[in-house]
Protein chains: 2
Amino acid sequence: MKNIAYDQVHITGGFWKAKQEMLLVTSRSVYERFAETYRFEAVNVKGWLARLMAEEARPANRPRTPHIFWDSDVAKWIEGTAYLIKIARAWDLSPDQKNELQALEQICDETIDTICENADENGYFNSHFQIMEALGEARRFTDRSQHELYCAGHLIEAALAYQNATGKDKLLRQMIRYADYIDRVFHIENSAVFETPGHPELELALVKLARFTGEEKYLALAKLFIDRHGDSSKDIPPYDVFNNRYNQDEMPLRKRTTADGHSVRAMYLLSGMIDVATHYQDASLMDACRRLYDNVVDHRMYITGGIGSTHLGEAFTIDYHLPSRTAYAETCAAIALAQVCGRMIGASPSVPLLSSYADTLERTMYNGILSGISLDGTGFFYENPLTIDLRFNDPNVSTKDKEYYPETTRRKVFSCSCCPPNVLRFYASLGDYLYSVDEDTLYIHQYMASETSLPSLKICQKTDYPLSGRISLTIRREDPAIRRIALRLPGWCERFELNLPYEQKNGYLYIGLPDSPSMPDETVIELDLDMPIRFISADPRVHDALGKVAVSRGPLIYALEGKDQPEIDIHRFLIDPSAGAGLGPVLPGFLLPSIEAEGVLPLPYMDRMEKVDDPGEDRDTKLYRSYDPGAFKKVRVRLIPYYAFANRGSSDLTVWIRVK
Amino acid sequence: MKNIAYDQVHITGGFWKAKQEMLLVTSRSVYERFAETYRFEAVNVKGWLARLMAEEARPANRPRTPHIFWDSDVAKWIEGTAYLIKIARAWDLSPDQKNELQALEQICDETIDTICENADENGYFNSHFQIMEALGEARRFTDRSQHELYCAGHLIEAALAYQNATGKDKLLRQMIRYADYIDRVFHIENSAVFETPGHPELELALVKLARFTGEEKYLALAKLFIDRHGDSSKDIPPYDVFNNRYNQDEMPLRKRTTADGHSVRAMYLLSGMIDVATHYQDASLMDACRRLYDNVVDHRMYITGGIGSTHLGEAFTIDYHLPSRTAYAETCAAIALAQVCGRMIGASPSVPLLSSYADTLERTMYNGILSGISLDGTGFFYENPLTIDLRFNDPNVSTKDKEYYPETTRRKVFSCSCCPPNVLRFYASLGDYLYSVDEDTLYIHQYMASETSLPSLKICQKTDYPLSGRISLTIRREDPAIRRIALRLPGWCERFELNLPYEQKNGYLYIGLPDSPSMPDETVIELDLDMPIRFISADPRVHDALGKVAVSRGPLIYALEGKDQPEIDIHRFLIDPSAGAGLGPVLPGFLLPSIEAEGVLPLPYMDRMEKVDDPGEDRDTKLYRSYDPGAFKKVRVRLIPYYAFANRGSSDLTVWIRVK
């Protein structure tokens with residue numbers, strides 16, 4: 001099965017068009033924050049070294065040498081901006097927007113020039129290690145923990161994206177030299193101190209590079225890394241706390257059954273595994289991929305699509321351990337899961353429930369990734385909690401050392417700022433995930449207003465999804481080889497209408513196209529997915545969600561935020577799923593409607609308890625007293641889409657709401 | 001108000017007699033574990049040094065130099081064993097028990113001989129610092145963080161207890177020399193590097209020493225420490241994480257309004273503050289004492305009487321932060337709170353609710369302290385969680401660095417083994433907390449079968465409390481100055497019967513005695529406290545207990561333990577307070593009955609969810625699905641007294657139970 005690439009899928013309106021347009025602001029903001037924090041300066045290795053040698057005074061926040069993964073930040077920004085330049089070609093831009101895009105492209109060009117000027121003869125480029133080598137303080141390819149090949153991978157992806165977007169191949173030619181050098185050191189000579197990338201990423205980049213260049217050796221190198229991983233005596237992890245499990249080194253990858261350790265690493269590695277397994281038709285590796293995917297999605301994933309339950313090691317923990325308040329659920333981990341889903345779709349046409357991959361992708365894309373960026377496109381969350389109890393966000397309760405609660409407001413940049421450019425590149429290339437073609441079938445995985453034009457096919461998708469579930473598709477066929485259209489029936493959808501006969505299988509609705517002698521022909525599909533407000537339970541082994549429900553509609557998970565009901569303690573509220581819940585207003589900037597729901601507060605009880613603060617009352621302790629079920633007061637609350645939380649300042653938050 | 005001391009109160013039967021008899025086993029076991037771990041060897045400073053100089057081979061677990069607080073472990077063991085020797089005089093002992101007591105006394109004598117032989121001329125004794133000084137590696141009185149004066153305090157308390165129990169004053173004479181030396185260094189010369197004890201304890205010991213010797217200077221020194229605390233520029237805390245708050249150094253003690261930092265330190269210091277405030281009639285200091293007590297009991301105390309919510313710094317956090325699963329609630333902290341309560345009773349006859357102190361003391365004594373020792377008297381908990389969810393006690397979830405869950409099985413000794421001898425000394429001197437006399441009134445604070453004989457009074461208390469609430473008291477008066485009996489009406493008691501006319505005030509029932517010309521006379525009091533099974537709620541600001549109840553009867557808090565209902569997940573169970581709950585059997589060794597209660601399991605829902613593990617079922621994720629209130633299956637559960645948890649191996653546990 002072959003995905004239709006983002007550059008052939010033009011998102012033309014609705015929610016995602018608005019979000020993609022916002023990325024112009026995001027690209028500029030991320031660039032400025034990265035420039036302020038010396039990340040762009042660092043790629044000028046010679047310049048940095050010259051200033052160091054001249055013992056020039058440094059600002060307090062400018063480190064002596066570049067951070068080990070700054071190159072990846074710059075690379076991901078170039079990659080994301082490249083996708084943005086490409087998709088914006090189809091937009092109706094204002095003169096200001098055109099100027100801005102040109103300005104961003106110019107920054108890319110200048111940065112690429114600098115990178116190429118500073119690369120070694122043999123193609124090697126790494127601002128940290130080149131400077132450390134010049135200073136005699138470290139040597140390349142000697143320490144697997146230093147993100148060296150991870151940076152290389154992101155540079156290769158950036159080079160491919162930029163060539164695709166602009167036709168300019170300067171960075172790509174440079175990166176091909178770099179990839180050849182890596183191939184020599186790690187494959188032909190196997191002369192490095194370690195044998196596999198510490199933080200996976202290069203694997204995926206090599207597969208992309210092989211696909212673009214047609215050079216099998218890059219795929220062979222990716223396969224070599226996958227084969228060696230967890231099976232190399234050279235790759236001894238450097239830290240105690242960041243142990244074998246953290247590094248996915250506990251066992252050879254084909255033996256893995258559970259997703260463990262650092263969740264972003266686990267999912268990047270899984271992406272590489274899927275790519276390699278697909279290319280080489282490697283059944284045992286693909287079995288491992290399916291086991292890992294199933295383990296994540298069936299046992300270790302938040303309802304938002306967030307993954308990685310603990311901040312320590314940014315890691316998976318164990319099945320059903322999905323704490324809401326201490327959720328780490330890194331934005332990059334949800335993005336990595338989405339990448340896995342995209343690859344699984346392509347790799348697995350024959351699995352019993354093919355739609356699970358697109359379902360999970362949709363879950364991350366509307367919830368656990370999107371919560372990582374503010375509504376204005378400039379603020380980011382690294383961690384995405386499902387519950388915030390502001391009263392306890394106190395240094396005496398929550399610090400890295402105590403009970404660890406994530407931050408409650410987004411930031412414009414982090415010291416480890418992987419998430420912001422990752423969000424940019426993910427949403428700018430969102431078109432990658434809509435369609436794929438498998439032999440005679442066009443698969444439609446995601447619903448959004450868009451126009452797609454291939455030599456064989458034109459697809460026009462008209463919808464206001466996910467505001468409603470009504471989707472109108474016009475498929476203009478130029479090639480009679482396409483004989484079926486498969487429409488994903490989302491996992492959340494229990495009722496639908498379709499204007500044409502269909503067969504339901506694998507989570508898709510298959511529509512046969514007529515044997516038509518005259519091409520082109522046109523098929524008009526009207527799909528109406530019923531999209532009621534739903535109350536969701538978790539498996540009762542998720543003890544943190546016991547006796548609670550989440551509210552959802554279509555692909556969106558909703559949340560109760562304190563801002564909308566300042567007079568109540570949202571954690572005491574009990575929702576009533578049997579009472580009417582309806583759509584509420586679209587709050588400014590939220591783009592999609594809120595939900596209004598009913599429930600109760602145990603009010604007399606609260607009143608009594610609050611009176612207890614009266615110091616005169618005769619109680620041995622004011623904390624505990626006889627249980628009294630009391631009476632309840634009806635309350636109407638407003639829920640907002642989870643992705644929009646913390647856009648109005650810090651607030652109490654809960655996705656899982658106690659049920660009446 | 002003057003407490004009647006433990007050595008005049010003979011506990012004659014029932015629950016506490018059994019527990020006190022068990023202490024014979026406890027004393028032996030703690031001694032053996034301490035001897036095995038070199039704590040007793042260390043007080044032989046010269047011997048230790050000689051072996052060190054001879055470069056004798058050391059076992060792997062024997063440190064090069066004694067730990068800084070080993071002396072306090074030995075001292076607390078002597079103190080506790082002294083109380084035991086004293087109370088056992090009134091017991092009907094078997095020949096074996098007599099021999100055992102003599103053997104324990106002999107160990108005390110030998111240890112005391114060794115201490116006295118190894119003390120400096122000036123009275124100084126500290127095994128750690130004497131050895132470090134001999135090695136030239138540290139000097140006495142230079143580092144406030146090293147528990148030096150804390151050890152001194154415990155040695156003084158041990159000396160007083162041993163003199164009282166046995167009449168032997170060798171250690172006491174030694175410790176008086178030591179106290180005089182400390183007085184010279186810290187008061188007269190003020191020549192030490194620091195000005196106040198780092199870990200409070202010496203303050204209380206000095207007050208006891210002053211009371212015994214009649215020497216005002218020891219009280220003056222205690223007052224000096226209290227006055228200086230938080231107001232000394234010399235006392236700079238040595239660590240970052242163990243900061244001013246940890247050390248109770250944020251402000252002068254009279255300004256404090258909340259109990260913060262290390263909870264044991266906070267409560268030992270508060271004990272010293274109460275002693276000093278009481279002796280000097282220091283109103284501003286006593287006001288601070290009341291504020292701190294109220295803050296703990298009304299805002300920061302678990303329902304078990306446990307205190308200190310976080311393991312980091314073993315500290316208080318903030319109001320209403322009382323997490324069940326990560327509860328630290330150190331056994332020593334509950335003991336320290338009990339000590340505070342005992343002192344507050346004596347200090348505060350005029351507060352509006354005098355009985356709160358004895359109520360809190362009773363809460364700790366039956367729950368949060370007693371859970372710290374196993375039913376056989378040899379195993380100990382340092383931390384006392386209110387919830388254990390065994391499935392998540394996995395190194396990938398809970399470690400000191402991740403979500404920190406306490407241990408689930410008791411240990412015989414810890415590297416920091418303060419709790420075991422503290423439990424021994426607390427329960428061996430439990431008689432201290434029963435009675436006090438204030439001018440013309442005999443106060444009866446605690447109910448247990450006992451006989452008390454003073455020149456002026458004989459009190460015979462007959463009861464099976466807390467099995468029932470029926471208490472029969474015979475007061476034989478020799479002195480007509482006693483004109484009132486005040487019986488505590490426990491905070492948990494809502495109905496009672498009393499055979500004599502009374503006035504209810506301050507949480508006590510005051511019974512006037514007749515003006516009787518002929519002494520002795522006798523008054524027989526029959527008090528019947530209604531003791532139903534109660535369901536308790538927490539203040540709703542304790543979010544961890546929202547929608548949950550605890551089950552209690554009399555002073556006991558009960559808990560649901562997995563062992564008693566192996567077929568259900570106790571965390572999914574919902575209790576029904578409106579259904580009948582009744583007493584169940586007394587389990588072997590538990591001494592008090594279990595409770596049987598009713599509730600429901602959301603069973604069809606569970607069944608469905610458990611079927612979901614069927615890999616064939618068509619779901620995008622097995623974790624989440626539409627809410628269905630489903631039906632409930634009635635379940636009968638057994639609850640055990642909280643103090644008895646984890647005596648049958650590790651098990652799931654919960655004090656707070658979800659309410660139907």
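Computed from a predicted model, the values in this text were never measured in an experiment.

With that out of the way, let us pick up the overall build of chain A. The helix and strand tally for chain A stands at 16 helices and 23 strands. Here the C-alpha radius of gyration of chain A, 26 Å, is about what a compact globule of 660 residues would show, namely 26 Å. For chain A, the C-alpha atoms occupy an extent of roughly 80 × 75 × 55 Å along the three principal directions. Summed over its atoms, the accessible surface of chain A is roughly 22500 Å², and 49% of this surface lies on carbon and sulfur atoms.

Overlaying chain B on chain A yields an RMSD of 0.0 Å, the required transformation being a rotation through 180 degrees with an accompanying axial translation of 0.1 Å. Viewed as a symmetry operation, the transformation between the two copies matches a two-fold axis. When the interface residues of chain B are mapped onto chain A, 97% of them again fall at the interface, so both copies present the same face.

The next point concerns the packing of helix H4 (residues 70-88) of chain B against helix H15 (residues 419-428) of chain B. All names here are of chain B. Look at H4 against H15: their axes get within 8 Å of each other, and the N-to-C directions meet at 25 degrees. Classified by the angle their axes make, H4 and H15 are roughly parallel. In the crossing of H4 with H15, the sense of the turn from one axis to the other is left-handed. Where H4 approaches H15, its residues Asp-73, Lys-76, Trp-77, Glu-79, Gly-80, Thr-81, Tyr-83, Leu-84 and Ile-87 are matched on the opposing element by Pro-421, Asn-422, Leu-424, Arg-425 and Ala-428. Residues that form the contact of H4 with H15 fall into these classes: 7 nonpolar, 3 polar and 4 charged.

The interface is formed by 73 residues belonging to chain B together with 71 residues belonging to chain A. For the pair chain B and chain A, the summed buried area comes to about 6300 Å², and 54% of that belongs to carbon and sulfur atoms. Where chain B touches chain A, the interface holds 4 salt bridges. The salt bridge involving Asp298(A) is made with Lys622(B); its shortest N-O contact spans 3.5 Å. Inspection of the region where chain B meets chain A yields 34 residue pairs in polar contact (both at pLDDT 80 or more).

Residues and elements named next belong to chain A. Orientation of helix H13 (residues 331-347) relative to helix H14 (residues 355-368), taken along the N-to-C sense of each, is 155 degrees, at an axis distance of 8 Å. Taken as axis vectors, H13 and H14 run roughly antiparallel relative to one another. Read as a crossing pair, H13 and H14 show a hand that is left-handed. When H13 is examined against H14, the residues Thr-331, Ala-334, Leu-337, Ala-338, Cys-341, Gly-342, Met-344 and Ile-345 are found in contact with a partner set consisting of Tyr-357, Ala-358, Thr-360, Leu-361, Thr-364 and Gly-368. Counted by class, the contact of H13 with H14 contains 9 nonpolar, 5 polar and no charged residues.

Before going further, it helps to spend a moment on the sheet that holds strand E12 (residues 508-512) of chain A. Residues and elements named next belong to chain A. Strand order across the open sheet formed by 6 strands is E1-E4-E5-E9-E12-E11, with mixed pairing between neighbours. The open sheet is flanked by strand E1 (2-3) and strand E11 (503-505), the only strands paired with a single partner. Direction of pairing for strand E4 (residues 435-438) relative to strand E5 (residues 441-444): antiparallel, over a ladder of 4 bridges. Bridging from a neighbouring strand, Tyr-435 pairs with Ile-444 of E5. Contacts between H14 and the sheet are confined to strand E9 (484-488) and E12, with E9 contributing the most and set at about 45 degrees to the helix.

What follows deals with unusual backbone geometry. Following Tyr465(A), the chain continues to Pro466(A) via a peptide bond in cis, the omega torsion being 5 degrees. Summarising the element assignment, Pro466(A) is placed in the loop between strand E7 (457-463) and strand E8 (470-477). Following Met519(B), the chain continues to Pro520(B) via a peptide bond in cis, the omega torsion being -10 degrees. Structurally, Pro520(B) is set in the loop between strand E12 (508-512) and strand E13 (521-529). Non-glycine residue Ala646(B) carries a positive phi angle of around 60 degrees. With respect to the helices, strands and loops of the structure, Ala646(B) is situated in the loop between strand E21 (633-641) and strand E22 (653-654).

Given 3.6 residues to a turn, an α-helix orients residues that are three or four positions apart in the same direction. Helix length check: helix H11 (residues 263-280) of chain B, at 18 residues, gives a terminal C-alpha distance of 25 Å against a target of 26 Å (1.5 Å per residue), a fit within 8%. Just past H11(B), the residue Gln281(B) takes up positive phi, approximately 50 degrees.

With that settled, consider the pattern of salt bridges. Residue and element names in this part refer to chain A. Taken as a whole and assessed by the stated rule, the structure comprises 97 salt bridges over all chains. In this structure, the salt-bridge partner of Glu-561 is Arg-648, at a minimum N-O distance of 2.8 Å. Residue Glu-561 is found in strand E16 (residues 556-561), and its partner Arg-648 is found in the loop between strand E21 (633-641) and strand E22 (653-654); the two are separated by 87 residues along the sequence. The class of Glu-561 is buried, set by a relative accessible area of 1%. Relative accessible area serves as the criterion here: at 29%, Arg-648 is assigned to the partly exposed category.

Moving on, we come to the sheet that holds strand E10 (residues 496-498) of chain B. All names here are of chain B. Spatially, 6 strands are ordered E2-E6-E7-E8-E13-E10 in an open sheet, and the strand pairing comes out antiparallel. Where the open sheet ends on each side, the last strands, each with one partner, are strand E2 (9-11) and E10. The sheet shows a mean angle of 15 degrees between the axes of neighbouring strands, direction not considered.

Bringing the state of the cysteines into the picture now. Under the definition given, this model contains 0 disulfides over all chains. Free of any disulfide, Cys289(A) has its nearest neighbouring cysteine sulfur in Cys341(A), separated by 13 Å.

Turning to the pairing of strand E13 (residues 521-529) of chain A, a few remarks are in order. It is a general feature of regular strands that their side chains alternate between the two faces of the sheet. All names here are of chain A. Side chains of E13 alternate between two faces, with Asp-521, Thr-523, Ile-525, Leu-527 and Leu-529 buried and Glu-522, Val-524, Glu-526 and Asp-528 left unburied. As defined by bridge partners, strand E10 (residues 496-498) adjoins E13 across 3 bridges and the pair is classed as antiparallel. Opposite Phe-496, over in E13, you have Leu-529 as the bridge partner.

A separate point is the nonpolar core. If you look at the biggest cluster of nonpolar residues, it comprises 229 residues, and the most contacted ones within it are Met267(A) and Leu487(A). Setting aside chain neighbours within four positions, we find Leu487(A) in contact with Ile444(A), Tyr447(A), Leu473(A), Leu498(A), Gly507(A), Tyr508(A), Leu509(A), Ile511(A), Ile525(A) and Leu527(A).

Within the element layout of this structure, Phe535(B) appears in strand E14 (residues 533-538). When the C-alpha atoms of Phe535(B) and Lys548(B) are compared, they prove to be 9.5 Å apart, with 13 residues separating the residues in sequence. Discounting residues that sit within four places of it in the chain, Phe535(B) has contacts with Arg625(A), Ser626(A), Tyr627(A), Val549(B), Ala550(B), Val551(B), Ile575(B), Pro577(B) and Ala581(B).

For the rest of this paragraph, the subject is the packing of aromatic side chains. Counted according to the given criterion, the structure contains 61 aromatic pairs over all chains. Judged by centre distance (4.7 Å) and plane angle (65 degrees), the ring pair of Tyr293(A) and Tyr357(A) falls under edge-to-face. Residue Tyr293(A) is found in helix H12 (residues 283-299), and its partner Tyr357(A) is found in helix H14; the two are separated by 64 residues along the sequence. Its relative accessible area of 2% is what places Tyr293(A) among the buried residues. Both rings, one in Tyr124(B) and one in Tyr178(B), keep their centres 5.4 Å apart while their planes meet at 75 degrees; by these two values the pair is edge-to-face. With Tyr124(B) in the loop between helix H5 (95-118) and helix H6 (127-135) and Tyr178(B) in helix H8 (residues 170-188), the pair connects residues that are 54 residues apart, well separated along the chain.

Attention shifts here to the pairing of strand E5 (residues 441-444) of chain B. With burial as the criterion, each face of E5(B) is covered, one bearing Thr441(B) and Tyr443(B) and the other bearing Leu442(B) and Ile444(B). Adjacent in sequence and paired antiparallel, strand E4 (residues 435-438) of chain B and E5(B) are bridged by 2 residues, among which Glu439(B) carries a positive phi angle near 50 degrees.

It is worth spelling out the side chain of Asn506(B) at this point. Residue and element names in this part refer to chain B. Within the secondary structure, Asn-506 sits in the loop between strand E11 (503-505) and E12. Assessed through its relative accessible area of 16%, Asn-506 is described here as buried. With near-sequence residues (within four places) excluded, Asn-506 lies in contact with Pro-349, Val-351, Pro-352, Leu-353, Leu-354 and Ser-355.

The subject of this paragraph is the confidence of the model for chain A. All names here are of chain A. Confidence in the prediction of chain A, expressed as mean pLDDT, is 94, and 97% of residues score 70 or more. In this model residues 605-616 is a low-confidence stretch, pLDDT under 50, and it forms 28 contacts with partners more than four residues away in sequence or in other chains. Scoring of the predicted complex yields 0.95 for pTM and 0.92 for ipTM.

Our next topic: the environment of Ser94(A). Residues and elements named next belong to chain A. In this fold, Ser-94 is placed in the loop between helix H4 (70-88) and helix H5 (95-118). Residue Ser-94 is classed as partly exposed on the basis of its relative accessible area, which comes to 28%. Considered as a pair, Ser-94 and Arg-470 are 376 residues apart in the sequence and their alpha carbons are 31 Å apart.

Reading the values: the criteria
Residues numbered from 1 in each chain as written. Chains lettered and ligands numbered in written order. Predicted model: local features only at pLDDT ≥ 70, side-chain atom pairs only at ≥ 80, totals over all residues. Heavy atoms only, no water. Helix = DSSP H or I, 4+ residues; strand = E, 2+ residues; numbered from the N terminus. Rg over C-alpha atoms; globule rule 2.2 N^0.38 Å. Areas by Shrake-Rupley, 256 points an atom, 1.4 Å probe, with all protein chains shown as cover. Least-squares fit on C-alpha atoms with pLDDT ≥ 70 in both. Contact = heavy atoms within 4.5 Å. Axes fitted to C-alpha atoms, helices over the stretch in contact; angles between N-to-C directions. Parallel < 35°, antiparallel > 145°, perpendicular 65-115°, else oblique. Left-handed = near helix turned anticlockwise from the far one by under 90°. Nonpolar A, V, L, I, M, F, W, Y, C, P; charged D, E, K, R; others polar. Buried area = accessible area lost by both parts, 1.4 Å probe. Salt bridge = Lys/Arg side-chain N within 4 Å of Asp/Glu carboxyl O. Polar contact = N/O pair within 3.5 Å; in protein donor to acceptor, adjacent residues only side chain to side chain. Pairing = 2+ DSSP bridges. Expected span 1.5 Å × (residues − 1). Buried < 20%, exposed > 50% of the residue type's maximum accessible area, 1.4 Å probe, protein only. Disulfide = S-S within 2.5 Å. Core = buried A, V, L, I, M, F, W, Y, C linked by side-chain atoms within 4.5 Å. Phe/Tyr/Trp six-rings, centres within 6.5 Å; stacked < 30°, edge-to-face > 60°. pLDDT = per-residue confidence, 0-100.

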